[in-house]
Amino acid sequence: MSPRAGRARRSAAVLLMLASGCAGLGYQVVWVQQSALWLGHEAAAVLAVVTAFFTGLALGSLALGRRIENSAHALRWYIGCELVIGAWSLVLNRLMSPASGLLLQMTGLDAAPFAQWSIAFGGTLLLLLPATAAMGATLPAMERLPGAQREQRSIAGLYAANTLGAVLGVLLIAFLLAPRLGLARTTALCAVLNLLCAMLAAVALPRATPPVARAVSPASGATSALWPLAFTGLLGIGYEVLMVRALSQLAEDTVYTFALLLAVYLLGTSAGAACYTLLSTRLRDTAALARRLHCGVALSCLAGIACLQFADTLRLHVARTIGGGVAAQLTAEAAMAVLVFALPTLAMGALFSHLTRNASRAGASFGHAIGINTLGAALAPVLFGIWALPLLGTGNALLLVVAGYLVLAMTQSWRSRLTWVVALATIATAFVLPPLRFITVPEGGHVVSYREGVMAAVSVVEDDAGVRRLRINNRQQEGSNATLHVDARQAWIPLLLHPAPARVLFLGLGTGVTAASAAADPSLQVDVAELLPEVVAAMPQFTEGSPALAPTRLHVFTADARRYVRGGPQHYDVIVSDNFHPARSGSGSLYTVEHFRAVRARLASGGVFCQWLPLHQLDLATLRSIVHSFITVFPRGTALLASNSLETPVLGLVGRAEDTPFPLAALRERVQSRYGLEDFSALFGSFVAGPESLRNFSGTAPLNTDDHPVVAYLAPRITYLPDSLPRDRLLALLREVYVRPTEVLDAPDEATSTRLAAYWHVRDRYLALGRDVQPSADVRVMLSQLQAPLLALLHESPDFRPAYDPLLQMARALAPRDNTGARQLLQQLATLQPARAEARESLQALSSPALHD
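Peer 1: A description of the overall build of the protein should follow, citing residues and the corresponding values.
Peer 2: Each helix and strand counted, the protein has 33 helices and 12 strands in total. For a compact globule of 853 residues, the expected C-alpha radius of gyration is about 29 Å, and the protein comes in at 31 Å, within 12% of that figure. Expressed as a percentage of the 853 residues in the protein, the buried residues total 60%. For the protein, restricting intrachain contacts to residue pairs at least 6 apart in sequence, the fraction spanning at least 24 positions comes to 79%.

Peer 1: For empty space enclosed by the protein, give the residues involved together with the corresponding values.
Peer 2: Using a probe with the size of a water molecule, rolled over the atoms, empty space left in the structure can be pinpointed. Summed over all chains, the structure comprises 10 cavities of 30 Å³ or more. F54, L57, Y159, T163 and T374 are, among the 40 residues lining the largest cavity, the residues nearest its centre. Mapped by element, the contributors of at least two residues to the lining of the largest cavity are α1 (3–39), α2 (42–69), α4 (113–144), α5 (156–181), α7 (218–247), α8 (255–279), α10 (326–361) and α11 (366–392). When residues of the lining of the largest cavity are assigned to their parent elements, the largest contribution, eight residues, is made by α1. The residue makeup of the lining of the largest cavity, split by class, is 23 nonpolar, 16 polar and one charged.

Peer 1: Report on the pattern of salt bridges, specifying residues and quantitative values.
Peer 2: Enumeration according to the criterion identifies 19 salt bridges in this entry. Here E462 makes a salt bridge to R468, at a shortest N to O gap of 2.6 Å. Put simply, R763 and D764 hold a salt bridge, and the shortest N to O gap is 2.7 Å. For D764, a relative accessible area of 26% corresponds to the partly exposed category. Through salt bridges with shared partners, a single ionic network connects E692, R740 and E743.

Peer 1: I'd like a description of the packing of α11 against helix α12 (residues 394–412), backed by residues and values.
Peer 2: A pair of packed helices can be characterised by two numbers: the angle between their axes and the separation between those axes. Taken N-terminus to C-terminus, the directions of α11 and α12 make an angle of 125°; their axes are 6 Å apart at the nearest point. Here α12 runs oblique to α11, going by the angle between their axes. Of the two elements, α11 crosses α12, and the hand of that crossing is right-handed. In this structure, α11 contributes F384, W387, A388, L389 and L392 to the contact, and α12 contributes T394, N396, A397, L400 and V401. Here the residues of the contact of α11 with α12 sort into eight nonpolar, two polar and no charged.

Peer 1: Hey, could you go over helix α29 (residues 779–796) for me, with residue numbers and the actual values?
Peer 2: Given a rise of 1.5 Å per residue, 18 residues ought to cover 26 Å, and the 24 Å separating the end C-alpha atoms of α29 matches this to within 8%. Along α29, the sharpest kink reaches roughly 45°, centred on L786 and followed within four residues by the proline P789. Here the buried face of α29 lies against α28 (750–771), α30 (801–814) and α31 (819–832). The opening residue of α29 is D778, an N-cap whose side-chain oxygen sits 2.9 Å from the backbone nitrogen of R780.

Peer 1: Can you explain the environment of L620? Please cite residues and give values.
Peer 2: Looking at the secondary structure, you find L620 in helix α20 (residues 620–633). Overall, L620 belongs to the buried group, its relative accessible area being 16%. Along the primary structure L620 and F697 are separated by 77 residues, whereas in three dimensions their C-alpha atoms are 9.6 Å apart.

Peer 1: Help me get a handle on the sheet that holds strand β10 (residues 638–641), residues and values and all.
Peer 2: Reading across from one edge, β7-β6-β5-β8-β9-β11-β10-β12 is the order of the eight strands in this open sheet, with mixed pairing throughout. Each having just a single partner strand, β7 (554–558) and β12 (687–689) make up the two edges of the open sheet. On average, each strand axis in the sheet is tilted by 25° relative to the strand beside it, whichever way the strands run. Taken together, the five bridges between strand β5 (residues 503–507) and strand β6 (residues 525–530) define a ladder with parallel strand orientation. Bridged to L507 within β6 is A529. Of the strands in this sheet, β5, β8 (572–577), β9 (603–614) and β11 (650–656) touch helix α19 (residues 593–601), which is tilted by about 145° from β9.

Peer 1: I'd like a rundown of the side chain of S625, residues and numbers included.
Peer 2: Turning to its location among the elements, S625 is positioned in helix α20. Engagement of the side chain of S625 in a polar contact is seen with the backbone oxygen of P702, the distance being 2.8 Å. For S625, the contacting residues outside a window of four places in its chain are A701, P702, N704, V710 and L714.

Peer 1: Please give an account of the environment of L47 that cites residues and values.
Peer 2: Here L47 lies in helix α2. Take L47: its relative accessible area is 6%, and that puts it in the buried class. With 470 residues separating them along the chain, L47 and S517 place their C-alpha atoms 36 Å apart. Residues contacting L47, with those up to four places away along its chain left out, are W117, F121, V241, P381, G385, I386 and V454.

Peer 1: I'd like a description of unusual backbone geometry, backed by residues and values.
Peer 2: Unlike most non-glycine residues, D253 shows phi in positive territory, near 60°. Structurally, D253 can be placed in the loop between α7 and α8. Notably, D659 is not glycine yet its phi reads approximately 55°, a positive angle.

Peer 1: Describe the nonpolar core, with residues and values.
Peer 2: The biggest cluster of nonpolar side chains holds 232 residues, and the ones touching the most others in it are W31, L308, F341, Y405, L497 and F684. Element by element, the count of residues in this core is highest for α1, at 15 residues. Once residues lying within four places of it in the same chain are set aside, the contact partners of F684 are L497, F662, L667, V744, L745, L756 and W760. Counting residues in each nonpolar core, the second largest holds 51 residues, with L505, F596, L623 and A639 among its members.

Peer 1: Before we move on, can you summarise a nonpolar patch on the surface with the specific residues and values?
Peer 2: A grouping of L83, V192, L195, L196 and M199 is seen on the molecular surface, where their side chains present a nonpolar patch of about 440 Å² in accessible area. Structurally, M199 can be placed in helix α6 (residues 183–204).

Peer 1: Describe in detail the pairing of β6, supporting the description with residues and values.
Peer 2: A large share of β6 lies buried, amounting to five of its six residues. Handedness of the β5-helix α15 (residues 513–519)-β6 crossover: right-handed. Two strands pair when backbone bridges link them, and β6 and β7 are joined in this way by five bridges, in the parallel orientation. When the sheet's bridge partners are listed, A529 is paired in β7 with F557.

Peer 1: A description of the packing of aromatic side chains should follow, citing residues and the corresponding values.
Peer 2: Ring pairs (aromatic) are described by centroid distance and by the angle formed between their planes. Throughout the structure, instances matching the rule amount to 20 aromatic pairs. Ring geometry for Y256 against Y713: centres 5.9 Å apart, planes inclined by 65°, an arrangement best described as edge-to-face. Within this pair, whereas Y256 is found in helix α8, its partner Y713 is found in helix α24 (residues 710–714), the two being separated by 457 residues in sequence. Since its relative accessible area comes to 12%, Y256 is described here as buried. A relative accessible area of 4% means that Y713 is categorised as buried. Each ring, one from F662 and one from F687, has its centre 6.0 Å from the other, and the planes form 55°; the classification is tilted. Placement of F662 in the loop between β11 and α21 (664–673) and of F687 in strand β12 is noted, with a sequence separation of 25 residues between them. For the pair F662 and F687, one class covers both residues: buried. Of note, R668 hangs over the ring of F680, and the distance from its end group to the ring centre comes to 4.6 Å.

Peer 1: I'd like a rundown of the environment of G304, residues and numbers included.
Peer 2: Within the secondary structure, G304 sits in helix α9 (residues 286–322). For the pair G304 and F366, spaced 62 residues apart in the sequence, the C-alpha separation amounts to 31 Å. Once residues within four sequence positions are removed from consideration, G304 is found in contact with Y239, M243 and V340.

So, how was this worked out
Residues numbered from 1 in each chain as written. Predicted model: local features only at pLDDT ≥ 70, side-chain atom pairs only at ≥ 80, totals over all residues. Heavy atoms only, no water. Helix = DSSP H or I, 4+ residues; strand = E, 2+ residues; numbered from the N terminus. Rg over C-alpha atoms; globule rule 2.2 N^0.38 Å. Buried < 20%, exposed > 50% of the residue type's maximum accessible area, 1.4 Å probe, protein only. Contact = heavy atoms within 4.5 Å. 1 Å grid on protein atoms, 1.4 Å probe; cavity = no way out; pocket = protein on both sides within 12 Å on 5 of 7 lines; lining within 4 Å. Points joined across faces, edges and corners; volume = space filled by probe spheres on them. Nonpolar A, V, L, I, M, F, W, Y, C, P; charged D, E, K, R; others polar. Salt bridge = Lys/Arg side-chain N within 4 Å of Asp/Glu carboxyl O. Axes fitted to C-alpha atoms, helices over the stretch in contact; angles between N-to-C directions. Parallel < 35°, antiparallel > 145°, perpendicular 65-115°, else oblique. Left-handed = near helix turned anticlockwise from the far one by under 90°. Expected span 1.5 Å × (residues − 1). Bend = angle between axes of the 7 residues up to and from the residue. Polar contact = N/O pair within 3.5 Å; in protein donor to acceptor, adjacent residues only side chain to side chain. Pairing = 2+ DSSP bridges. Core = buried A, V, L, I, M, F, W, Y, C linked by side-chain atoms within 4.5 Å. Patch = residues over 30% accessible without salt bridge, like charges linked within 9 Å, V, L, I, M, F, W, Y side chains within 5 Å. Areas by Shrake-Rupley, 256 points an atom, 1.4 Å probe, with all protein chains shown as cover. Right-handed = clockwise from strand over helix to strand, strands pointing away. Phe/Tyr/Trp six-rings, centres within 6.5 Å; stacked < 30°, edge-to-face > 60°. Lys NZ or Arg CZ within 6 Å of the ring centre and 35° of its normal.

Okay, structure coming up:
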């Protein structure tokens, strides 16, 4: 073979590994999102898919690597593997949904952690195994094809190309293909790439390659050269798992966050392998180099751990320096990843390449070298993600990784000065480094509780005013004790829309106030599906001390909402879904057409479903897709507001099992005898949109489906770059929607229709008025802004209590300064709403002799 032909073949091999790596990691990104649909959380899906991925790679390399090594037809092996990968990925497009349904049945509604994780990991492994095993065989097959002599071959160049392709695959899938094409079409494109790889290999690479004779027996020197590969695979992926989890508490934790972190990690290892390839011809003392590389990885990991303390500062600095825009925010997240990953992954890539070279020289096949390394990597999510992280905490688990590299260095030579320097640095870091708890604490506040679990870190923080807030991964606020009444309304409103509910299901617990408010009713059986046990443990911080919220009849299941809805036979009269942050990991899947259909199937006859939406965390484009998905399942769906808040508006989408309006007579009587809403108008006055209006509002917005999760890709835009205030989005929504009494009530009489129409009109004007109010501690300043317009609203709709209450409070506050003005205002309120006694009682108090004395 001529030198030119040899270079051409090696170039073709590198190109093939680049393309194959692109397709392989593209599949991983897609499979993580698909698996999250039944595993319940993207963090759980990442652990399960990474474990399945590496286990499959290991099995493929170990089972087939030696056969390929000794085969004269390595090209056939490579082509066959690429075809199997593409074919099985297409099969998974059809198989994933029914298979996940079977696995959900096996898991059950409230499985023990061991059983749940066993089924999650085992099921994912079996689903992906044909493709991942074939992927594991491609690298040893490709290494055989260029035809170089055994002693000159190194896997580093091919590994670098394969990993660089993986970086391209992650970025292309996450930022371009999946958002535009959906998951199934993206998988099909990756399958086409596998097919093109097979075709290019058939044309550009030699059809027959002589088997390579072993220089030494694998049993003699190979074993000692292979076990460091297993441990470095374990430690390297362990570092990745732990760092991704740590950074998810500093970044926005969107679908783009994971893609960026993974891309930076892979890019670093690819660069390390490429650097080793360039320098490998100058290396002589391989034992000393291995020790130095182990020490180098340990030191760089220590540096990465220390840099975590400054990662958020760096993110903010980069975002400010670059300027506004989503790209700036994503660049800032990537900068954090570079800070903690760059040096460690560079050293890891070089160390992996060096160890595989040593294993090759010791007589181990490339299939065995790769298989042993990936087998160690497959154990990392379980050992570090599920065991070490919740048991030791993120910081100590990361130090355990460093200690592992240090032990490997000591096995080379425990007397080395460099080794002891690293050991002392590790010990010093363990004593000096503060706990890696990323919690934003307001000035004068403190941390009430902090729990680090497998999927998230959950904290309760109290400020100097005594307000407690529940946070997940430091970013996602799940409520506070300052919003007890509003949180309770999110239970009361759906319950009051059913004439006689007996069984109620809440999807998501949050602070627990909403579900506990329902459980205070002795006539109800209340079930809750909550994914995170740490959230369940934090609930007493918000419900203790309030007898009305004591969860004596609350049955909490630690289960994913989708799994609970799909897996159980029980039907419910009312189902209430929490206002999940749509941009956060896995939350977008709770707004899909498929999930809404599953919820509808769990409604009993006459059942009511209410999906709360955090409008303060949604842009209108994302909202349109969610509404379109909802009315596809509930075509007679309506929308209402949980409260009149302009800062944190919460919109509810309401559907009924029979797609009929609400029974007027039954609900009027029920409102007067239940819960904390003032009257019938307060309940139905919260409606803002009917079915026709919602259809017009959603228009041609793309449906959010399991295959095309548009919400996961749309929602992060407003998280990274808010382009408007929540109040502006709420008012913009109200300008586009409308509701008619006949759309929400069954045959309302003329008087009821007139009262509701007036209430809705006044409500919209009230919210528009609130947008422009300038808050002041001086009651006279506030009255100068609000007295006339609020009285005008009450003239139009005397039922509108939100205008009555603030005027009543301001009149009472005005009395010590201006008794006459206060009495005049109270007289007007008493005239406008004669049925309410508060104004008359305050007026009598102001007129009493005791007050004048």
